[in-house]
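# Architecture at a glance
As a plain string of letters, each chain reads:
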Amino acid sequence: MIGSADMTGIDGGSETFGYVPLCQRIDKPAMHNNSQKLTTNSPAIHSHTAYCWLAALWICLLVVIALWPATARASTLFATAQLGWDIPMDRLDDPLGHLGPDAVAATETSAMTSRLSTPLNAGYLGHTVWLRFEVPARTLDSRQEGLWLLAQPTYLDFVTLYQKGVDGEWRKQISGDLVPPNQKADIRQHLFRLAPGQTALVRIQTTSAIQFQAEVLTTEALAAELARSERGMGLYFGAMAILLACIWAATAIFRTRALFSLAVLGTVNAIHIFNVRGYASLWSPDEFTLWASHAVGIGAFLLPATQAWQIKEQLTRGTRYRQTDRLLTFLIALNLLGTLSVPLGVYPAIAWVNLVSLLASDVAGVVLCLRALRQQDRIDQHALLLTAYGLRGLGGVTIAILMTGLVPLKIDATSLWQLETIALTSLLAIAVFVGMVTRYQQAQLAKDRAIERLALSEQSLEERIEQRTAQLTEAQTALGQALENERTLRDEQKQFFHMISHEFRTPLAVIDSAAAEQQTFPSPDLPSQTARAAQIRRASRRLTSLVDSCLINERLDSAGFYLQTSPVKVSDLLQHAAQLVHWSPRHHLRLFVDAAPEEWVCDATLVHIALSNLVDNAVKYAAAGEIFIAARKADSGLLEVSVADEGSGMSLDVMNRIFERFERGDRTDQSRGFGLGLWVARRVARLHGGDITVESTVGEGTCFTLSLQAQDIGQG
């Protein structure tokens, strides 16, 4: 029973190659060094060219080994004749199995089933077939006595040869794989002794495909043919053993499902060829003769099962081809169940299942490989696989044609199958190896890219660490500065509240003293009452100025601050500030407004506060004398208001810091003012697009000049 084409498998796509990520803590200077060590001296990945040449040489060697029996046959052709090709045969079908040698010998040639000019290839008939031919009257080689009939395939159940003896009785010789070894010739082929010049009948009864290729040989030619045949089979099984040993060794090393399935498939092929060639039937004990025959049929179903399994592991496991994967799983289960048909005796009825399964597996493999090539996926490997599946499909069709006898070819189907088996097993093993090399290259490339990304990540991490360190340092500095500012602000607040409490206490004490004097010593004298009222108003104005300075300080620091501008008379601005001089008994006012414009667009409230602060400072700190207030429009277009006194003046150092917040110059001993007046005045001037300047000479007095730029009406 020959299964159709050799069913070798292919490497699966289930295994994955990669690398285990290494995570370690490394200090900053070592980061790039580690990356450089990883990225340098990486193993080189060689081309497939050398391996492909070695593979081609190996396949050529295997082809020579497989074809050795055919090439060696030429040396013995002078002493052989093949049934069908050289010696015509008559075929007679015996569906009921009731015919005997007398009936077959007496049948007219015209009544025979067919006249054969080629070897018998009848397929799975399930009934007995008789062959009748005439043995040559003399030996093909005059130097030899006797003729022999050497026939195959060896898996035929029963082959019986009939020839009449000298007494006219039919003598029979029995062979077949169901015949115990001690009842047939001690060789694996069917061997019969022929009587020259007589009619020979061959009765074939088998559950396998009925084939019969036989040669008539002289004794010398028989010895040469047997030696040639066994030498060729020895070379074949030796090469197959080496190939399978390499595949199993690779399986043990790499432990991949695809390699394992390929090793199993190759082993099943080798065992099946071993059984088909008759070695199991020849060497098995008599009690195991039946199972040695069954092993051929069981192997015919195991081949498509293992082939479908190999394709599943190679091309569909873990992929999007789920329907194809299910089909292959179904074929595996179906053919495993088919093995039960052999011991149950129904093998001939379902033998077509393994042939269809083989063809379906080949078609599935070819289609999947074509899709992979179209998608540019592992081109080298899938090209080899496509070649293997294509050749196997063509070989299977050829063997099927030979077995069914559709086309007569002078080719031994079993030898062709052996050649196909070893060549395709080698080709698929190379495809698996190329696939592994390809995946190794991809894994190596992925590793190199990962290492490059790691190096970039390390560099980026270092940069981020440096950036973050700088940010933390900056934040720490800013925090320290903020804490220092907070401490300074607290100190200033303490100083501010200390000063403001004292400043408020002084005018309040004046008001309280004047009011108490008026209450305790009421006097009808109008001048004294007027003096007390002026004193009270001056103290109240002082309180108002303090409150305005505090409020305007907060207003100027607010985010939504804007100028509230409107036209205001310049004389009113000056008169409002000049009242402080009128209320001081120690000072006399000199007011100059002739050069001033009549109106000016500004924030009147802010300007009142600024001018009041300048005049109040002159009243507080200047000695008795005159205070000058003058206004004019400068050449620059700004309004300039000057306040001068005849006091003691100030030094250059004091003038450089006099406009800072809470700065009171060198008059802190007088405990008058709390250092906001000039700071507020300058901010008001700058908000109006101007500024405030000071000129002073020690011992001669001080002059402050406030400049204001005209604003748009309703600005803000």
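## Observations regarding unusual backbone geometry
Residue P153 is reached from Q152 by a cis peptide bond, and omega for that bond is 10°. Non-glycine residue R255 carries a positive phi angle of around 55°. Checked against the element boundaries, R255 lands in the loop between α4 (219-254) and α5 (257-276). Residue Q376 is not a glycine yet carries a positive backbone phi of 60°.

## Digging into the pattern of salt bridges
Applying the stated criterion to the full structure yields 18 salt bridges. Between E225 and R228 there is a salt bridge, with its nearest N and O atoms 2.1 Å apart. With E225 and R228 both in helix α4, this residue pair falls 3 residues apart, about one helical turn. One exposure class covers both E225 and R228, and it is buried. Note that R378 is salt-bridged to D377, the shortest N-O span being 3.7 Å. Classification of R378 by relative accessible area gives buried; the value is 17%. Look at the salt bridges and you will find they share partners, linking D90, R115 and R132 into a network.

## A few points about the confidence of the model for the protein
Overall, the prediction assigns the protein a mean pLDDT of 79, with 76% of residues at 70 or greater. Below pLDDT 50 for its whole length, residues 1-32 participates in 113 contacts with residues either more than four positions away or in separate chains. Of the regions scoring below 50 in pLDDT, residues 668-672 engages in 9 contacts with residues more than four places distant in sequence or in other chains.

## Some thoughts on the sheet that holds strand β17 (residues 691-697)
Overall, mixed pairing links the 5 strands, which are arranged β13-β15-β16-β18-β17 in an open sheet. The sheet is open, and its two edges are formed by β13 (587-592) and β17, each paired on a single side. Between one strand and the next, the sheet's axes are offset by a mean angle of 15°, whatever the strand orientation. Examined bridge by bridge, strand β16 (residues 639-644) and strand β18 (residues 701-708) share 6 bridges and lie antiparallel to one another. For V641, the partnering residue across the bridge sits in β18 and is L706. Where helix α15 (residues 570-582) meets the sheet, it contacts β13, β15 (625-633) and β16, and its direction lies at approximately 170° from that of β13. Taken strand by strand, helix α16 (residues 604-621) contacts β13, β15, β16, β17 and β18, and its axis lies near 175° from that of β18.

## Describing the packing of aromatic side chains
A ring pair, where both rings are aromatic, is described by two values, the distance of the centres and the angle of the planes. Evaluated as defined, the whole model comprises 11 aromatic pairs. Aromatic side chains F301 and Y347 sit 5.7 Å apart centroid to centroid with 85° between the ring planes, which places their arrangement in the edge-to-face category. Residue F301 is located in helix α7 (residues 289-316), and its partner Y347 is located in helix α10 (residues 347-350); the two are separated by 46 residues in the primary sequence. Among the residues examined, F301 registers a relative accessible area of 0% and is labelled buried.

## Concerning empty space enclosed by the protein
Counting across every chain of the model gives 4 cavities of 30 Å³ or more. Classifying every residue of the lining of the second largest cavity gives 2 nonpolar, 7 polar and 3 charged.

## A few points about the pairing of strand β2 (residues 89-94)
With 5 of 6 residues buried, β2 is to be regarded as a mostly interior element. The pairing of β2 with strand β5 (residues 128-134) spans 5 bridges and is classified as antiparallel. If you follow R91 over to β5, its bridge partner there is L131.

## Considering the packing of α15 against α16
Between α15 and α16, the least distance of the axes is 9 Å, while the angle of their chain directions is 30°. Regarding the angle of α15 to α16, the classification is roughly parallel. As α15 runs across α16, the sense of the crossing is right-handed. Packed against α15, whose contacting residues are D572, L573, L574, H576, A577, L580 and V581, the element α16 presents A604, V607, H608, L611, S612, V615, D616 and V619 at the interface. Residue classes in the contact of α15 with α16 are distributed as 10 nonpolar, 3 polar and 2 charged.

## Section: the packing of helix α8 (residues 322-338) against helix α11 (residues 352-374)
For any two helices packed against each other, one specifies the crossing angle of their axes together with the interaxial distance. At a minimum axis separation of 11 Å, α8 and α11 run at an interaxial angle of 160°. When the interaxial angle is binned, α8 and α11 end up roughly antiparallel. For the pair α8 and α11, the crossing hand works out as left-handed. Of the residues in α11, those touching α8 at T324, L328, L331, L334 and N335 are V353, N354, S357, A360, S361, A364 and L368. Of the residues in the contact of α8 with α11, the class split is 7 nonpolar, 5 polar and no charged.

Scoring rules and cut-offs
- Residues numbered from 1 in each chain as written.
- Predicted model: local features only at pLDDT ≥ 70, side-chain atom pairs only at ≥ 80, totals over all residues.
- Heavy atoms only, no water.
- Helix = DSSP H or I, 4+ residues; strand = E, 2+ residues; numbered from the N terminus.
- Salt bridge = Lys/Arg side-chain N within 4 Å of Asp/Glu carboxyl O.
- Buried < 20%, exposed > 50% of the residue type's maximum accessible area, 1.4 Å probe, protein only.
- pLDDT = per-residue confidence, 0-100.
- Contact = heavy atoms within 4.5 Å.
- Pairing = 2+ DSSP bridges.
- Axes fitted to C-alpha atoms, helices over the stretch in contact; angles between N-to-C directions.
- Phe/Tyr/Trp six-rings, centres within 6.5 Å; stacked < 30°, edge-to-face > 60°.
- 1 Å grid on protein atoms, 1.4 Å probe; cavity = no way out; pocket = protein on both sides within 12 Å on 5 of 7 lines; lining within 4 Å.
- Points joined across faces, edges and corners; volume = space filled by probe spheres on them.
- Nonpolar A, V, L, I, M, F, W, Y, C, P; charged D, E, K, R; others polar.
- Parallel < 35°, antiparallel > 145°, perpendicular 65-115°, else oblique.
- Left-handed = near helix turned anticlockwise from the far one by under 90°.

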